[in-house]
Amino acid sequence: MAMYIRVKRSKTTYFIQCDPTETALDIKQKLHTLIDQPVNDQRLILVNTGEILEDSKTLADQKVENDAVVALTLRKDDNEFEDVNIVQPNDFYQSRDADSGNW
Amino acid sequence: MKKEDTVKLISAEGMEFVIDKEAAMVSQTIRNMLTSPGSFAETEHGEVTFPEISAVILEKICQYFYWSLQYSRGKETEFYIEPELTLELMMAANYLHT
């Protein structure tokens with residue numbers, strides 16, 4: 001293992017071990033074994049730059065480095081990809097203060 | 001990478017971190033939970049909940065696990081810790097025997 005990336009969606013973070021020479025598709029295949037979503041229904045976005053990762057390019061080519069945070073979005077029923085949705089821990093505290101009714 | 005080889009750590013807020021068992025076992029406490037004989041609920045579902053550890057700290061801990069693996073394989077980099085996290089992180093490290 002040369003490095004790892006953090007793939008985030010909603011309130012879940014997947015730590016994925018990988019090499020800079022692996023492609024985005026390789027990462028999607030690893031995710032497939034964890035979440036049972038076909039690679040075609042996954043989209044990976046580098047959070048720092050907002051760029052969508054291309055399947056054929058390597059991580060190094062797309063400036064994905066050790067400890068990078070990558071957002072995962074999935075294809076919805078209407079064939080479009082959902083928006084990036086990453087829950088930040090701070091959101092919890094805010095929402096707890098804002099509407100305690102939901103707790 | 002197989003699903004059985006990963007473990008899900010859940011923070012106080014319900015945030016989930018899916019990491020390799022190999023990485024989680026950097027923590028002696030988690031290693032004991034995952035390898036002890038008899039069936040801990042934790043072992044069977046591959047899930048461990050930490051009601052006393054916040055997501056920010058738990059994520060830092062997971063990053064440390066992987067850093068530690070890399071370090072043990074000869075990749076010597078620095079592990080950066082934000083000063084405001086140190087106290088909570090030390091308490092969690094003590095609990096996790098890390």
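Everything discussed here concerns the structure shown above.
Because the structure is predicted, anything quoted here is derived from the model rather than measured. (Residues numbered from 1 in each chain as written. Chains lettered and ligands numbered in written order. Predicted model: local features only at pLDDT ≥ 70, side-chain atom pairs only at ≥ 80, totals over all residues. Heavy atoms only, no water.)

Draft legend 1. Molecular detail of the overall build of chain B. Looking only at helices and strands, chain B features 5 helices and 3 strands. Secondary structure elements in chain B, listed N-terminal to C-terminal, are β-β-α-α-α-β-α-α. Taken over the C-alpha trace, chain B has a radius of gyration of 13 Å; the compact-globule value for 98 residues is 13 Å, and the two agree within 12%. Along the first, second and third principal axes, the C-alpha set of chain B runs to 40 × 30 × 20 Å. (Helix = DSSP H or I, 4+ residues; strand = E, 2+ residues; numbered from the N terminus. Rg over C-alpha atoms; globule rule 2.2 N^0.38 Å.)

Draft legend 2. Inspection of a nonpolar patch on the surface at higher detail. Residue and element names in this part refer to chain B. On the surface, Leu 87, Met 90 and Met 91 cluster together into a nonpolar patch covering about 360 Å² of accessible area. The topology assignment puts Leu 87 in helix α5 (residues 86-96). Assessed through its relative accessible area of 56%, Leu 87 is described here as exposed. (Patch = residues over 30% accessible without salt bridge, like charges linked within 9 Å, V, L, I, M, F, W, Y side chains within 5 Å. Areas by Shrake-Rupley, 256 points an atom, 1.4 Å probe, with all protein chains shown as cover. Salt bridge = Lys/Arg side-chain N within 4 Å of Asp/Glu carboxyl O. Buried < 20%, exposed > 50% of the residue type's maximum accessible area, 1.4 Å probe, protein only.)

Draft legend 3. Region of interest: α5(B). Residue and element names in this part refer to chain B. Residues Leu 89, Ala 92 and Leu 96 constitute the buried set of α5. For α5, the angular spread of the buried residues around the axis is 65°, confining them to a single face. Away from its buried face by more than 90 degrees, α5 exposes Leu 87, Met 90, Met 91 and Asn 94. The inward-facing, buried residues of α5 abut α2 (28-35) and α4 (55-72). (Arc of directions from axis to C-beta. Contact = heavy atoms within 4.5 Å.)

Draft legend 4. Looking closely at the nonpolar core. All names here are of chain B. Ranked by internal contacts, the top residues of the largest apolar core, which has 28 residues, are Leu 9, Ile 19, Ile 30, Phe 50, Ile 53 and Ile 61. Among the elements of the structure, β1 (6-10), β2 (16-20), α1 (21-24), α2, α4 and α5 are those that each provide at least two residues to this core. Element by element, the count of residues in this core is highest for α4, at 8 residues. Excluding residues within four positions of it along the chain, Ile 53 makes contact with Ser 11, Ala 12, Glu 13, Leu 58, Ile 61, Ala 92, Tyr 95 and Leu 96. (Core = buried A, V, L, I, M, F, W, Y, C linked by side-chain atoms within 4.5 Å.)

Draft legend 5. Expanded view of unusual backbone geometry. Residue and element names in this part refer to chain A. Phi angles above zero are rare outside glycine, and Lys 63 is one such case at about 65°. Note on placement: Lys 63 falls in the loop between β4 (51-52) and β5 (69-74). Given the relative accessible area of 63%, Lys 63 is considered exposed. Its identity as a non-glycine residue notwithstanding, Asp 67 has a phi of 70°, on the positive side. By secondary structure assignment, the location of Asp 67 is in the loop between β4 and β5.

Draft legend 6. Seen up close, the packing of aromatic side chains. This model, assessed by the stated rule, comprises 8 aromatic pairs over all chains. Their ring planes at 25° and their centres at 5.7 Å tell us that Tyr4(A) and Phe15(A) sit as a pair that is stacked. Of this pair, Tyr4(A) sits in strand β1 (residues 3-9) while Phe15(A) sits in strand β2 (residues 12-18), and the two are 11 residues apart along the sequence. We classify Phe15(A) as buried; its relative accessible area is 0%. For the ring pair Tyr4(A) and Tyr66(B), a centre distance of 5.0 Å and an interplane angle of 35° mean the geometry is tilted. Taken together, the positions of Tyr4(A) in strand β1 and Tyr66(B) in helix α4 put the pair across two chains. For the pair Tyr4(A) and Tyr66(B), one class covers both residues: buried. Between Lys60(B) and the ring centre of Phe79(B), over which it is positioned, the NZ or CZ distance is 5.5 Å. (Phe/Tyr/Trp six-rings, centres within 6.5 Å; stacked < 30°, edge-to-face > 60°. Lys NZ or Arg CZ within 6 Å of the ring centre and 35° of its normal.)

Draft legend 7. Local environment of the interface of chain A and chain B. Every contact between the two is made by 22 residues of chain A and, on the other side, 23 residues of chain B. Carbon and sulfur atoms supply 53% of the area buried between chain A and chain B, which totals about 2,100 Å² over both sides. Where chain A packs against chain B, one counts 3 salt bridges. With a shortest N-O distance of 2.7 Å, Arg6(A) and Glu59(B) are connected by a salt bridge. If you look at where chain A meets chain B, you find 12 residue pairs in polar contact (both at pLDDT 80 or more). Of the residues forming the side of chain A that touches chain B, the biggest block, 6 residues, is contributed by β2(A). A per-class count over the side of chain A that touches chain B returns 12 nonpolar, 5 polar and 5 charged. (Buried area = accessible area lost by both parts, 1.4 Å probe. Polar contact = N/O pair within 3.5 Å; in protein donor to acceptor, adjacent residues only side chain to side chain. Nonpolar A, V, L, I, M, F, W, Y, C, P; charged D, E, K, R; others polar.)

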